[in-house]
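Residue strings, one per chain:
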Amino acid sequence: MTPSAVILKNPQAAVSAANAIAADLNALERHVDEALMRAHAIGQTLSSGRMAAGISATFGQAMFDDLAKVIPDATSLRGSVVAMHMRMQRRADSLGVSPTLGIEEKPPENGPETPWPKAELLPTPARVAAE
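What counts, and at which threshold
Residue positions are given per chain, counting from 1 as you read along its sequence in written order. The model is predicted, so local features are restricted to residues of pLDDT at least 70 and side-chain atom pairs to those at 80 or more, both for listing and for counting; the totals for chains, interfaces and linings are taken over all residues. Hydrogens are left out, water is left out, and the side-chain values use all remaining heavy atoms of the structure. By salt bridge we mean one thing: a side-chain nitrogen of Lys or Arg within 4 Å of a carboxyl oxygen of Asp or Glu. Under the DSSP-based scheme used, a helix requires at least four consecutive residues in state H or I and a strand at least two consecutive residues in state E, with every element numbered from the N terminus. For the exposure calls, accessible area comes from a 1.4 Å probe over protein chains only, and a residue counts as buried if that area is under 20% of its type's maximum, exposed if over 50%, partly exposed in between. For helices, the fitted axis covers only the stretch in contact; all axes are lines through C-alpha atoms, and the angles between them, taken along N-to-C directions, range from 0 to 180 degrees. Put simply, angles under 35 degrees are roughly parallel, angles over 145 are roughly antiparallel, angles from 65 to 115 are roughly perpendicular, and the rest are oblique. The sense of a crossing depends on the near helix, which, turned anticlockwise from the far helix by less than a right angle, makes the crossing left-handed and, turned clockwise, makes it right-handed. The nonpolar class holds Ala, Val, Leu, Ile, Met, Phe, Trp, Tyr, Cys and Pro. Asp, Glu, Lys and Arg form the charged class, and all remaining residues, Gly among them, are polar. In a helix, the anticipated span is given by 1.5 Å times the number of residues less one.

### Here we look at the pattern of salt bridges
Across all of its chains, the model carries one salt bridge by this definition. Across the salt bridge formed by Arg78 and Asp33, the nearest N and O atoms sit 2.5 Å from each other. Here the residue Arg78 occupies a position in helix H2 (residues 61-95), and Asp33 occupies one in helix H1 (residues 11-53), the gap between them amounting to 45 residues. Using a relative accessible area of 37% as the deciding quantity, one classes Arg78 as partly exposed.

### Focus: the packing of H1 against H2
Where H1 contacts H2, the two axes come as close as 10 Å, and the packing angle between them is 160 degrees. Between H1 and H2, the angle falls in the class roughly antiparallel. The two elements H1 and H2 meet at a crossing, and its hand is left-handed. Broken down by class, the residue content of the contact of H1 with H2 amounts to 17 nonpolar, six polar and three charged.

### Quick notes on H1
Taking 1.5 Å of rise per residue, 43 residues should cover 63 Å, and H1 covers 61 Å from first to last C-alpha, within 8% of that figure. Trailing H1 by a residue or two, Gly54 shows a phi angle of about 70 degrees, which is positive.

Structure (structure tokens):
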């Protein structure tokens with residue numbers, strides 16, 4: 001059965017489910033972005049904390065090596081979540097149950113995105129101590 005041939009028995013329940021899924025999906029996207037920001041903050045804190053403490057650059061190199069593996073993995077996860085979101089959106093559209101949450105404005109697909117304001121560094125003990 002093709003998506004266009006699907007007849008929804010309870011359209012209101014379908015829209016309610018789509019809204020719940022959209023809320024979870026948007027939360028997942030925010031958490032993945034926050035994880036990426038935190039991973040980058042760890043790199044900043046490792047460097048600034050080491051320099052503030054006057055510790056040799058050789059100290060903690062293994063941690064940087066580990067972090068260098070984490071960031072691409074998190075970036076790949078983000079890409080997978082975005083691709084999943086696009087597939088789910090197309091499926092919901094084909095069923096006529098697109099979520100109505102209006103959580104965030106989105107540019108047209110492959111359209112220009114509005115640049116975000118410059119992010120502030122996350123507070124960390126080393127950064128707070130240095131201020």
